[in-house]
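Report on the structure
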There are 2 protein chains.
Amino acid sequence: MRLLEFFIGNRPRSADAAKDRLKLIVVRDRAATGEGPDFLPLLQQDLIEVVRRYVEIDDDKVVVDVDKRDNLSMLEVNIELPGHFGHQERERAAAVGG
Amino acid sequence: MRLLEFFIGNRPRSADAAKDRLKLIVVRDRAATGEGPDFLPLLQQDLIEVVRRYVEIDDDKVVVDVDKRDNLSMLEVNIELPGHFGHQERERAAAVGG
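Rules used in this analysis
- Residues numbered from 1 in each chain as written.
- Chains lettered and ligands numbered in written order.
- Predicted model: local features only at pLDDT ≥ 70, side-chain atom pairs only at ≥ 80, totals over all residues.
- Heavy atoms only, no water.
- Pairing = 2+ DSSP bridges.
- Helix = DSSP H or I, 4+ residues; strand = E, 2+ residues; numbered from the N terminus.
- Axes fitted to C-alpha atoms, helices over the stretch in contact; angles between N-to-C directions.
- Contact = heavy atoms within 4.5 Å.
- Phe/Tyr/Trp six-rings, centres within 6.5 Å; stacked < 30°, edge-to-face > 60°.
- Buried < 20%, exposed > 50% of the residue type's maximum accessible area, 1.4 Å probe, protein only.
- pLDDT = per-residue confidence, 0-100.
- Salt bridge = Lys/Arg side-chain N within 4 Å of Asp/Glu carboxyl O.

What follows is about the sheet that holds strand β1 (residues 20-30) of chain A. As summarised here, the arrangement of the six strands in space is β2(A)-β3(A)-β1(A)-β1(B)-β3(B)-β2(B), forming an open sheet in which the pairing is antiparallel. The open sheet has two edge strands with one neighbour each: β2 (62-69) of chain A together with β2 (62-69) of chain B. Sheet twist, expressed as the mean angle between neighbouring strand axes with direction ignored, is 10 degrees. As defined by bridge partners, strand β1 (residues 20-30) of chain B adjoins strand β3 (residues 72-80) of chain B across nine bridges and the pair is classed as antiparallel. Residue Arg21 of chain B lies in a different strand from β3 of chain B, and its bridge partner there is Glu80 of chain B. Sitting on the sheet, helix α1 (residues 2-9) of chain B is in contact with β1, β2 and β3 (72-80) of chain A together with β1 of chain B, with an inclination near 135 degrees to β3 of chain A.

Next up, the structure:
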């Protein structure tokens, strides 16, 4: 899959490479209408709250970026995860046999 | 930004190019621990529900893919949006002056 290969090729090569990370990306392609309100920036906090159900997130470790070009809008949320995992994640995973 | 350029370069060139689309991607890089349960597949429905607060989503227009290589796990949700936008989106956007 080309998309996964893109991310493999863009992994950090410094000391940062040893850190667990989570990246959330939302891309809206408004090819048809080219209009309508841009709700991507509004999604930001909602997405973080959803992920927080599964893993601990320190607000200081969240970096958000928005970008827009042509008819594409993009929201990118980069989260540095703690090396240990919270009880929420273990419980949720256990509930589904993970 | 390289990431947005990647998506611009991968836009469909067929008749499908005229459709509005939303792509959600979650990439987890488990460089540090290389272990811990994989909660990405669990995120899928949560993410769709969050987006549904802002725009109409037809369940038939949602395609989900998961992939894993090295220490990277990826969840990709592709949604084809209707050409018109729902009242939720207009109301939310109006509330924030969008």
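On we go.
How two aromatic rings sit relative to each other is given by the distance of their centres and the angle of their planes. Applying the stated criterion across every chain yields a total of five aromatic pairs over all chains. On the basis of an interplanar angle of 35 degrees and a centroid distance of 4.4 Å, the ring pair of Phe6 of chain A and Phe6 of chain B is categorised as tilted. You can see Phe6 of chain A sitting in helix α1 (residues 2-9) and its partner Phe6 of chain B sitting in helix α1, one on each of two chains. On the accessibility criterion, Phe6 of chain B (12% relative accessible area) is buried. On the numbers, 5.8 Å between centres and 10 degrees between planes, the contact of Tyr54 of chain A with Phe39 of chain B is stacked. With Tyr54 of chain A in the loop between α2 (40-52) and β2 and Phe39 of chain B in the loop between β1 and α2 (40-52), this pair bridges two chains. A network of ring pairs unites the aromatic residues Phe6 and Phe7 of chain A together with Phe6 and Phe7 of chain B as a single cluster.

It is worth spelling out the confidence of the model for chain A at this point. In low-pLDDT segments, the atomic positions of the prediction should not be examined closely. Chain-level pLDDT for chain A is 82 on average; 76% of the residues reach the 70-or-more range. Across chain A, the element-wise mean pLDDT spans from 59 in helix α3 (residues 87-95) of chain A up to 94 in β3 of chain A.

All names here are of chain A. Phi angles above zero are rare outside glycine, and Asp70 is one such case at about 50 degrees. Mapped onto the fold, Asp70 is located in the loop between β2 and β3. Among the residues examined, Asp70 registers a relative accessible area of 56% and is labelled exposed.

A few words on the pattern of salt bridges. One pass over the full model with this rule turns up twelve salt bridges over all chains. Its salt-bridge partner being Lys61 of chain A, residue Glu80 of chain A comes within 3.8 Å of it at the nearest N-O pair. With Glu80 of chain A in strand β3 and Lys61 of chain A in the loop between α2 and β2, this pair connects stretches of sequence that are 19 residues apart. Assessed through its relative accessible area of 22%, Glu80 of chain A is described here as partly exposed. Judged by its relative accessible area of 36%, Lys61 of chain A is partly exposed. Between Glu76 of chain B and Lys23 of chain B there is a salt bridge, with its nearest N and O atoms 2.8 Å apart. Linking Glu76 of chain B in strand β3 with Lys23 of chain B in strand β1, this pair joins segments that are 53 residues apart in sequence. One salt-bridge network, in which partners are shared between bridges, spans Glu49, Arg52 and Asp59 of chain A.

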